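# Topology and contacts: notes
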Amino acid sequence: MDRVVRSLSEGDVVALPTETVYGLAGSIFQDDAIRTIFSVKGRPLIDPLIVHVGDFDQLDGVAIRDPRLDVLANAFWPGPLTLVMKKRPVVSDLITAGKDTVAVRMPQGLFRQVLQRLQVPLAAPSANPFGYLSPTEAIHVERHLGNRIGLILDGGPCERGIESTILDLTTPMPTVLRLGPVSVEALQAVLGVPVLTKTSECHGAQTAPGMLKKHYSPQTPLTLFDDPSSLPSILTERVAVVLQQRPPSFTPETHTYWLSEQGKLEEVAQNLFALLQKIDRKYTHIFIQQSPPSGLGLAINDRLQRAASKTP
Ligand code: AMP
Ligand code: MG
């Protein structure tokens, strides 16, 4: 922790665990660190970064509080909910891609401890090459970015396994820009008003890279299915099948994996990227089963559909 805090205060970028995925973090006050984040990831500069805060003083330094912040923060912070609000002038155009809004969240665990020690908000996208599977273990970061960054803080596997829900509070109605661990239903229950969802890729300026049709993708081609009986009957040994839960019986000659013993969606989300990271490039094709389409299942299927997309 000492080394991490020192590195960040000196303007380096460091990979840190959050409860969602591993992030590649840099001080919001050091433009060189922010530029390094973009170049290490190969991320286009038009994609704004999420600013992570450790407490409400840090929040007030970067964003103008929306009236709905208190009720949302009470229910979901620290946690996997990112809120888009009007920004303060200190937040550079590099971070927001020139927008007058900033995406902010208060993460859990080690990342928050770093923020509290450092006393400076950190901008952090996921610590993976742009477009590739998200990293949910330190080894995933090391494998793909290890030769480009100096330090990875290993906090073990991430608990949630998929990226935060992004809620835009600057639109006429609150609008989910990225589905995630906090469901639309949960947001509506807390806000007491309807919440829109606008996660398909948008028109003109890009609001969220997670909105790109193709994102979170393995190198091995991926095909989605719902019902296992729809799978081709002859699967060679070079093809992997990934199920939501342990099948009642399976033929040992096929390479079958499952994301959760009993199909619990929290476990499916937690294991999704880790399993794909493990089997990517070991097969010529991966067939993966979708989740039931409600609540967290919608967020999981969103990742799967983008991972499987052939359209850039
Ligand atoms: P990532 O860092 O890859 O998890 O992505 C962070 C997400 O937050 C991206 O999809 C960004 O486009 C989105 N984001 C960051 N700032 C803003 C903003 N001001 N308005 C809308 N979306 C944003
Ligand atoms: Mg990402």
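For the structure itself, consult the block above.
Overview of the structure. In this text, all values refer to a predicted model and were calculated from it rather than measured experimentally.

### Description of the overall build of the chain
Of the regular secondary structure elements, the chain holds 10 helices and 13 strands. Taken over the C-alpha trace, the chain has a radius of gyration of 19 Å; the compact-globule value for 312 residues is 20 Å, and the two agree within 12%. With the C-alpha coordinates of the chain rotated into their principal frame, the extents come out at 60 × 45 × 35 Å. Looking at the 312 residues of the chain, the share that counts as buried comes to 55%. Considering only contacts within the chain whose residues lie at least 6 apart along the sequence, 64% involve residues at least 24 apart. Distance between charge centres in the chain, computed from 30 positive and 31 negative side chains, equals 3 Å.

### Quick notes on helix H1 (residues 2–9)
Of the residues making up H1, those classed as buried are Val4, Val5, Ser7 and Leu8. The buried residues of H1 occupy one face: seen down the axis, they fall within an arc of 165°. Exposed side of H1, more than 90 degrees from the buried face: Asp2 and Arg3 are the residues found there. Of the surrounding elements, those touching the buried residues of H1 are strand E1 (14–17), strand E2 (22–27), helix H6 (109–118) and strand E6 (122–123). Phi turns positive, to about 95°, at Gly11, one or two residues after H1.

### Regarding the sheet that holds strand E3 (residues 50–52)
For sheets, the rule is that strands pair by backbone hydrogen bonds, running either parallel or antiparallel. Here we have nine strands laid out as an open sheet, ordered E1-E2-E6-E3-E5-E4-E7-E8-E9, and mixed in their pairing. Looking at the sheet topology across the chains shown, the edges are occupied by E1 and strand E9 (196–197). Pairing between E2 and E6: two bridges, direction antiparallel. Counted as the bridge partner of Gly26 is Ala123 from E6. Those strands touched by helix H4 (residues 69–76) are strand E4 (81–86) and strand E7 (165–168), and its axis lies near 165° from that of E4. Most of the contacts of helix H8 (residues 184–191) go to E7, to which it runs at about 45°, and overall it touches E4, E7, strand E8 (175–178) and E9.

### Remarks on the side chain of Ser217
Mapped onto the elements of the fold, Ser217 is located in the loop between E9 and strand E10 (222–225). Excluding residues within four positions of it along the chain, Ser217 makes contact with Gly131, Tyr132, Leu133, Arg306 and Ala307.

### Re the packing of H4 against H8
Direction vectors running N to C along H4 and H8 enclose 130°, while the axes themselves pass 10 Å from each other. Taken together, the axis directions place H4 and H8 in an arrangement best described as oblique. Once H4 is placed against H8, the crossing between them reads as right-handed. Residues Val71, Leu72, Ala75 and Phe76 of H4 lie in contact with H8, whose contacting residues are Ala186, Leu187, Val190 and Leu191.

### Quick word on the sheet that holds strand E13 (residues 285–289)
Overall, parallel pairing links the four strands, which are arranged E10-E13-E11-E12 in an open sheet. The open sheet has two edge strands with one neighbour each: E10 and strand E12 (255–260). Recorded for the sheet is a direction-independent mean angle of 20° between the axes of neighbouring strands. Sheet topology note: the strand E11 (residues 239–245)/E12 ladder contains five bridges and is parallel. Across the sheet, residue Gln245 finds its bridge partner in E12, namely Ser260. Lying on the sheet, helix H9 (residues 265–279) is in contact with E10, E11, E12 and E13; it crosses E12 at an angle near 145°. Set on the sheet, helix H10 (residues 296–308) makes contact with E10 and E13; between it and E10 the angle comes to about 140°.

### Remarks on the nonpolar core
Core analysis: the largest hydrophobic core is formed by 72 residues, its most contacted members being Leu72, Leu81, Leu83, Leu167 and Leu187. Among the elements that take part in this core, H9 stands out by supplying eight residues, more than any other. Leave out the neighbours within four places in its chain, and Leu83 touches Leu69, Leu72, Trp77, Val102, Ala103, Val104, Leu167 and Leu169.

Parameters and conventions
- Residues numbered from 1 in each chain as written.
- Chains lettered and ligands numbered in written order.
- Predicted model: local features only at pLDDT ≥ 70, side-chain atom pairs only at ≥ 80, totals over all residues.
- Heavy atoms only, no water.
- Helix = DSSP H or I, 4+ residues; strand = E, 2+ residues; numbered from the N terminus.
- Rg over C-alpha atoms; globule rule 2.2 N^0.38 Å.
- Buried < 20%, exposed > 50% of the residue type's maximum accessible area, 1.4 Å probe, protein only.
- Contact = heavy atoms within 4.5 Å.
- Lys, Arg positive; Asp, Glu negative; His and termini not counted.
- Charge placed at Lys NZ, Arg CZ, Asp CG, Glu CD.
- Arc of directions from axis to C-beta.
- Pairing = 2+ DSSP bridges.
- Axes fitted to C-alpha atoms, helices over the stretch in contact; angles between N-to-C directions.
- Parallel < 35°, antiparallel > 145°, perpendicular 65-115°, else oblique.
- Left-handed = near helix turned anticlockwise from the far one by under 90°.
- Core = buried A, V, L, I, M, F, W, Y, C linked by side-chain atoms within 4.5 Å.

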